[in-house]
Amino acid sequence: MKRRAALVVSLVAMAGVVSCGGGGDDVVGAPSGPSAEGYYAGSLVVTAFPATVGNPQLPNTSTAFQMLVLENGQFWTIYGTPNGAELDVEGFAQGTGTSNGSLFIAGGVRNFANPPPSLATNAVASASYNASAKSISGTITDSTTTSTITSAPQSAYDYSAAAALTSLTGVWTVEGPANDEYTLNVLADGTFTSTPTSLPGCPFSGTFVPRNTGKNVFNLTVTNGAALCSSPNLVSTGVAYLVPAGAGTQLTLATVSADRQLGAVVSGAR
């Protein structure tokens, strides 16, 4: 898989997109009606604004997205380029929004869209959704781009099913934005280690824990290695999920640092 964005949070510092961070501060509006909770996927169109001094226009070739909206309004929008049945991940937007039954709104979003070493920026997002049809469409806008997302019907990924550690156990090959590749070894208890397949590379380790809501998402904690990492020993948190990809399964992991300045994502299929 090419152009997968990097997992180790020290490797990627990107820009911001749909609402406040995982904590949920500065959320717009008050909850009312069915929430946007669930999984969405579909097409993405990026419109870039002209470059300005100190804010260069950044290239983005992403054309597809996958999006998780959790029960607390936290969302993770992973985007990239289709590669057969897989998604070659190029970045992600993370924040916390508010649902009012048909509209999902978020400010203070972080959009992690660029290869390292780029800085995170702020963004806002607004999307309309249909809770029963599990469809969503809208925009994520920061100072350089507007990303328009439109979902397609999804049946392969069951968000309501309980996440199982047995589905993760074993060896995975995951890649980052600069084609940096890692071998990920996941044990039965959800702990894992990684080894870069070539140097330079930042080894990392961590833990997958099924969310206690019983949904098909894993909570993720990642710790950078002490050597070869631009942010040694940095701890970051996020989510991981599995999506059917042809005859196999694709694993995607995304994390942000506690200050939400650094974010990273890796993905791989087996």
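Residues numbered from 1 in each chain as written. Predicted model: local features only at pLDDT ≥ 70, side-chain atom pairs only at ≥ 80, totals over all residues. Heavy atoms only, no water.

A. Highlighting the overall build of the chain. Of regular secondary structure, the chain possesses 0 helices and 17 strands. Put simply, the chain has 270 residues, and 51% of those count as buried. Contacts spanning at least 24 positions in sequence make up 57% of the contacts within the chain whose residues lie at least 6 apart. Of the roughly 10,800 Å² of accessible surface on the chain, 58% is carried by carbon and sulfur atoms. (Helix = DSSP H or I, 4+ residues; strand = E, 2+ residues; numbered from the N terminus. Buried < 20%, exposed > 50% of the residue type's maximum accessible area, 1.4 Å probe, protein only. Contact = heavy atoms within 4.5 Å. Areas by Shrake-Rupley, 256 points an atom, 1.4 Å probe, with all protein chains shown as cover.)

B. Region of the structure containing the confidence of the model for the chain. Looking at the chain, the pLDDT average stands at 83 and 81% of residues meet or exceed 70. Overall, residues 1–30 carries pLDDT values under 50, and its contacts beyond four positions in sequence, including any with other chains, amount to 180 contacts. (pLDDT = per-residue confidence, 0-100.)

C. Region of the structure containing the side chain of Gln250. For Gln250, the position within the fold is in strand β16 (residues 248–257). Of the polar contacts made by the side chain of Gln250, one reaches the backbone oxygen of Leu87; its length is 2.8 Å. A polar contact is formed between the side chain of Gln250 and the side chain of Ser267, at a distance of 2.6 Å. (Polar contact = N/O pair within 3.5 Å; in protein donor to acceptor, adjacent residues only side chain to side chain.)

D. Structural view of the state of the cysteines. In the structure shown here, the tally under the stated rule is 1 disulfide. Two residues share a disulfide in this structure: Cys202 and Cys229, whose sulfurs sit 1.8 Å from each other. Taking the sign of the S-S torsion, 95° for the link of Cys202 and Cys229, the bridge is right-handed. Highlighted residues: Cys202 in the loop between β12 (191–196) and β13 (204–210) and Cys229 in the loop between β14 (218–224) and β15 (235–245), separated in sequence by 27 residues. Cys229 carries the same exposure label as Cys202, and that label is buried. (Disulfide = S-S within 2.5 Å.)

E. The arrangement of the environment of Ser155 in detail. Its place among the elements puts Ser155 in the loop between β9 (145–151) and β10 (170–175). Each C-alpha atom of the pair Ser155 and Pro244 lies 9.9 Å from the other, and the pair is 89 residues apart in sequence.

F. Geometry of the pattern of salt bridges. In the structure shown here, the tally under the stated rule is 1 salt bridge. The salt bridge partner of Arg211 is Glu71, with a shortest N-O separation of 2.5 Å. Note that Arg211 is positioned in the loop between β13 and β14 and Glu71 in the loop between β2 (64–69) and β3 (74–83), a separation of 140 residues in sequence. (Salt bridge = Lys/Arg side-chain N within 4 Å of Asp/Glu carboxyl O.)

G. Region of interest: the packing of aromatic side chains. Summed over all chains, the structure comprises 10 aromatic pairs. A ring pair is formed by Tyr157 and Tyr241, whose centres lie 6.3 Å apart and whose planes are at 75°; its orientation type is edge-to-face. With a gap of 84 residues between them, Tyr157 in the loop between β9 and β10 and Tyr241 in strand β15 connect regions that are remote in the sequence. Look at Tyr241 and you get buried, because its relative accessible area is 3%. (Phe/Tyr/Trp six-rings, centres within 6.5 Å; stacked < 30°, edge-to-face > 60°.)

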